[in-house]
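Observations on the model geometry
These are the residues of each chain, in order.
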Amino acid sequence: TGTLTQDHVVLERYVDVTNRVSEDVLRYAYMNSFYQTGLRNLLDRAILAHTDLDVELNCKKVDEIPFDFKRRRMSVVIDYEDRHVLICKGAVEEVIGACVNYQVDEDINPLIQLIKDDLLDEYRTLSAEGYRVLAIAYREFDRTKPVFTLADESELILLGYIAFFDPPKDTSARAIEALGRSGVAVKILTGDNELVTRKVCNDVRMKIDKIITGPQLAALDEAGFGNAVNEANVLARLTPDQKEKVIKTLRGQGHVVGFMGDGINDVLAMKAADVGISVDTAVDVAKESADIILLEKSLLVLEDGILEGRKVFGNIIKYIKMGASSNFGNMFSMLGSAFVLPNNLLPMLPIQILVNNLLYDVSQVGIPLDNVDQEYLDKPRRWNIKSIQNFMFFVGPISSIFDYGTWFLMLYVFGCAAFGLSSTPDASKAHLEQMFHSAWFVESLITQTLIVHIIRTRRIPFIQSRASRTMLLTTMSVMAVGIWLPYSAIGHYIGLCPLPATFYMWLALFSLTYCVLTHLVKTWFYKRFGTD
């Protein structure tokens, strides 16, 4: 709950058992927070903000009984007014359970069950209003007692309680709503009681499907625990160990889990989560345990981060699918060239293959900045190597069809088949070989670069989904370079030559047909397999 609130805790009440304002309650609470050596939390800092309080700050500290999440209280012992005074501060139920008397002004009376019930009713009322409530109690010892243990936290005198209020962040409700739209289930894991948690959930407009507490979880077996944490979206009064177990259980059920926390009690859960998230105002140990630290106060940055992560993941998958299918198709073509081409006619020279691959790789530089379709961002995605493999098998060989078509075109329409005739002069053979290499160089580069725009989206490319400007610029530039290269000095140096004008008419027909066929196969593939 602390991550949903403003982290601006205000001490609003300090009252005795009769619900009257009591300076003694605040004074003892102040001395407890002031003399403790443990990590001071937001509640301690809210108490210590009362610097105008008339309180003794030069007492000798005798001992300390640190806080732990089972006792849910802590005590300091100071030498105060010629006595060793143990001052206890903690959760209301736990502190009241250790008390036998209560004090109002100077009168000390037995803490009978009727008064305990009235105090717990008041505590529940305050909790339901969103207040965090701590009880304050004390016990005096003779100055001859130098060492204190947990057993000394008994037979205490209840002074009263202090109540804090921490309003929710303005962005919490919108952030939870936005995460829900993005397919992210939000669960509250908190050490606060269920009443405070319910009030915070109402304030941030989070619907409570089911609420369960730490003690209830502790009574369940492993199967019941798993069912409970899966069904409940609010889990209150949890210890740090239980938070960690909840995270591990959810991960064991196949969920990808992020945990956001800012306190020392969140550290175990952050380490157990797939992604631990903290804020820059968190305690140091929480920030050190986190994978991500939010520098903005707005929780809406969570949705921004999730969507950006999905966008990056989507573009990575695009690149892998493009590279895998393109390379698989090229290998298919190279294998077929051994059977369909005349003796000694290579489909491309090694230097031409290297230049072709270099230009194709340059055309992919814009993928990290490419747009991603909205429907892809609407829900979480998982790494699916089987889908990539199937995509490669079905889409990759399509390019080989048009590679073979280009070879047939050059061999039997543009006369390159004469390369294999013994009567063809060597000079003519060299020209025919250059023209054949140039044709496949240009066709291969144009088609595999253009097809990027087909593979990058499930929609109809250019009409229903357009690539980013960067993507368009890199792919169009590379295609222009590929067409220009046979006419340049560089092209001549690597064995390319100008192609007949009619070849580009065929190239346009091949490219259009290749795009249409690939789009049809892609559409069928997603309908058939339905995975990314």
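Preceding block: the structure.
Residues numbered from 1 in each chain as written. Predicted model: local features only at pLDDT ≥ 70, side-chain atom pairs only at ≥ 80, totals over all residues. Heavy atoms only, no water.

Considerations on the sheet that holds strand S10 (residues 211-213)
Ordered in space as S9-S11-S10, the 3 strands form an open sheet in which the pairing is parallel. Looking along the sheet, the strands with just one partner apiece sit at the ends: strand S9 (188-189) and S10. Note that S9 and strand S11 (residues 234-236) share 2 bridges and pair parallel. Of the residues in S11, the one forming a bridge with Ile188 is Val234. (Pairing = 2+ DSSP bridges. Helix = DSSP H or I, 4+ residues; strand = E, 2+ residues; numbered from the N terminus.)

Some points on the packing of helix H5 (residues 172-181) against helix H12 (residues 300-340)
With their axes 8 Å apart at the nearest point, H5 and H12 run at an angle of 20° to one another. Accordingly, the angle class assigned to the pair H5 and H12 is roughly parallel. Taking contact as the criterion, the partners of Arg174, Ala175, Ala178, Leu179 and Arg181 in H5 are, on H12, Leu300, Glu303 and Ile306. A per-class count over the contact of H5 with H12 returns 5 nonpolar, no polar and 3 charged. (Axes fitted to C-alpha atoms, helices over the stretch in contact; angles between N-to-C directions. Parallel < 35°, antiparallel > 145°, perpendicular 65-115°, else oblique. Contact = heavy atoms within 4.5 Å. Nonpolar A, V, L, I, M, F, W, Y, C, P; charged D, E, K, R; others polar.)

A few points about the nonpolar core
Core analysis: the largest hydrophobic core is formed by 51 residues, its most contacted members being Met410, Met435, Phe436, Phe441, Val442, Leu499 and Phe503. Of all the elements in the fold, those that place two or more residues in this core are helix H13 (350-363), helix H15 (385-412), helix H16 (426-450), helix H17 (452-455), helix H18 (469-484) and helix H20 (501-529). With 10 residues, the single largest contributor to this core is H16. (Core = buried A, V, L, I, M, F, W, Y, C linked by side-chain atoms within 4.5 Å. Buried < 20%, exposed > 50% of the residue type's maximum accessible area, 1.4 Å probe, protein only.)

Structural notes on empty space enclosed by the protein
The method is simple in principle: a probe with the dimensions of a water molecule rolls over the atoms, and the space it marks as empty is what remains. Considering all chains together, one arrives at 2 cavities of 30 Å³ or more under this definition. The volume enclosed by the largest cavity comes to roughly 110 Å³. As for the largest cavity, its lining consists of 13 residues, and the residues nearest its centre are Ser325, Ser326, Ser399, Gln448 and Tyr514. For the lining of the largest cavity, the secondary-structure elements that each account for two or more residues are H12, H15 and H16. Looking at which element gives the most residues to the lining of the largest cavity, the answer is H15, with 4 residues. In this structure, the second largest cavity encloses a volume near 70 Å³. Forming the walls of the second largest cavity are Val17, Val92, Ile96, Leu119, Glu122, Tyr123, Leu126, Val133, Ala135, Leu158, Gly160 and Tyr161. For the lining of the second largest cavity, the elements supplying multiple residues, two or more each, are helix H3 (92-97), helix H4 (113-128), strand S7 (132-141) and strand S8 (156-165). (1 Å grid on protein atoms, 1.4 Å probe; cavity = no way out; pocket = protein on both sides within 12 Å on 5 of 7 lines; lining within 4 Å. Points joined across faces, edges and corners; volume = space filled by probe spheres on them.)

Examining the packing of aromatic side chains
This structure, assessed with the given rule, holds 25 aromatic pairs. Both rings, one in Phe394 and one in Phe525, keep their centres 6.3 Å apart while their planes meet at 55°; by these two values the pair is tilted. Of this pair, Phe394 sits in helix H15 while Phe525 sits in helix H20, and the two are 131 residues apart along the sequence. Taking relative accessible area as the criterion, Phe394 reaches 35% and is therefore assigned partly exposed. Aromatic side chains Trp524 and Phe529 sit 6.2 Å apart centroid to centroid with 85° between the ring planes, which places their arrangement in the edge-to-face category. Exposure remark for Phe529: the relative accessible area of 26% places this residue in the partly exposed category. Feature note: the residues Phe391, Phe394, Trp524, Phe525, Tyr526 and Phe529 constitute an aromatic cluster, connected by ring pairs. One residue, Lys245, lies across the ring of Phe225, its end atom 4.3 Å from the ring centre. Over the aromatic face of Tyr376 sits the side chain of Arg381, whose NZ or CZ is 4.4 Å from the ring centroid. (Phe/Tyr/Trp six-rings, centres within 6.5 Å; stacked < 30°, edge-to-face > 60°. Lys NZ or Arg CZ within 6 Å of the ring centre and 35° of its normal.)

None of the figures reported here should be taken as evidence of function without further support.
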